[in-house]
Amino acid sequence: MSRLEEFLAGERPEDVAIHLAEDVVDDLGKLAEYGEDAGDGIVLVVPGESGRNAFSKVAGTDAMAFAKEAMDAEGAIDADLARGACPACGSDDVRFTFAFAEAENEEVGGIYAEGDVIHAYAQCGCGTAFSDRWVAGER
């Protein structure tokens, strides 16, 4: 099982996942040994704090500030984290995605009572930031 598959199954709760399209990074080749090919980019699964710092550096915005901004628009993000459906323009052109897992929490209810939840935040090529979430292992 790949690191991304483990992350999406909820087996890497301390890690974050980052998708970067080709046009976001100068040279994907430098990252190839650390991530998985996503067709038009790369997906990295890395330890939480260093992942948030790497995302901030590449995306030019603080990871958690970006997540907060993206929560204002609900869209659809594919489980591969490399594609989705932008709520503003309908495009599946995702420039970058930041995702983390939150542990199951029955007290909160809703999908949080069903299992670990994957939170994903993406930016479309049109500039719109949007979010999606799902129970780990269900996509």
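Residues numbered from 1 in each chain as written. Predicted model: local features only at pLDDT ≥ 70, side-chain atom pairs only at ≥ 80, totals over all residues. Heavy atoms only, no water.

(A) Structural context of helix α2 (residues 48–59). Helix length check: α2, at 12 residues, gives a terminal C-alpha distance of 16 Å against a target of 16 Å (1.5 Å per residue), a fit within 8%. Inspection of α2 places G48, G51, F55, S56 and A59 among the buried residues, and these make up the whole buried set. Buried residues of α2, viewed axially, fall in a sector of 135°; they line one side. Where α2 terminates, the next one or two residues include G60, which has phi positive at roughly 80°. (Helix = DSSP H or I, 4+ residues; strand = E, 2+ residues; numbered from the N terminus. Expected span 1.5 Å × (residues − 1). Buried < 20%, exposed > 50% of the residue type's maximum accessible area, 1.4 Å probe, protein only. Arc of directions from axis to C-beta.)

(B) Expanded view of helix α3 (residues 63–70). Among the residues of α3, those classed as buried are A63, F66, A67 and A70. One side of α3 holds all its buried residues, which, seen down the axis, span an arc of 100°. Two to three positions downstream of the cap, the backbone nitrogen of M64 sits 3.1 Å from a side-chain oxygen, assigning the N-cap of α3 to D62. (Polar contact = N/O pair within 3.5 Å; in protein donor to acceptor, adjacent residues only side chain to side chain.)

(C) Broad picture of the sheet that holds strand β8 (residues 129–135). The strand order β2-β3-β1-β6-β7-β8 describes an open sheet built from six strands, whose pairing is antiparallel. The sheet terminates laterally at β2 (35–37) and β8, the two strands that pair on one side only. Adjacent strand axes in the sheet meet at a mean angle of 15°, parallel and antiparallel pairs treated alike. Relative to strand β7 (residues 117–124), strand β6 (residues 94–102) runs antiparallel, the two being bridged by eight bridges. Bridge assignment links F100 to a residue of β7, and that residue is H119. In the packing of α2 onto the sheet, contacts are made with β1 (15–21), β3 (41–47) and β6, and the angle to β1 comes to roughly 20°. (Pairing = 2+ DSSP bridges. Axes fitted to C-alpha atoms, helices over the stretch in contact; angles between N-to-C directions. Contact = heavy atoms within 4.5 Å.)

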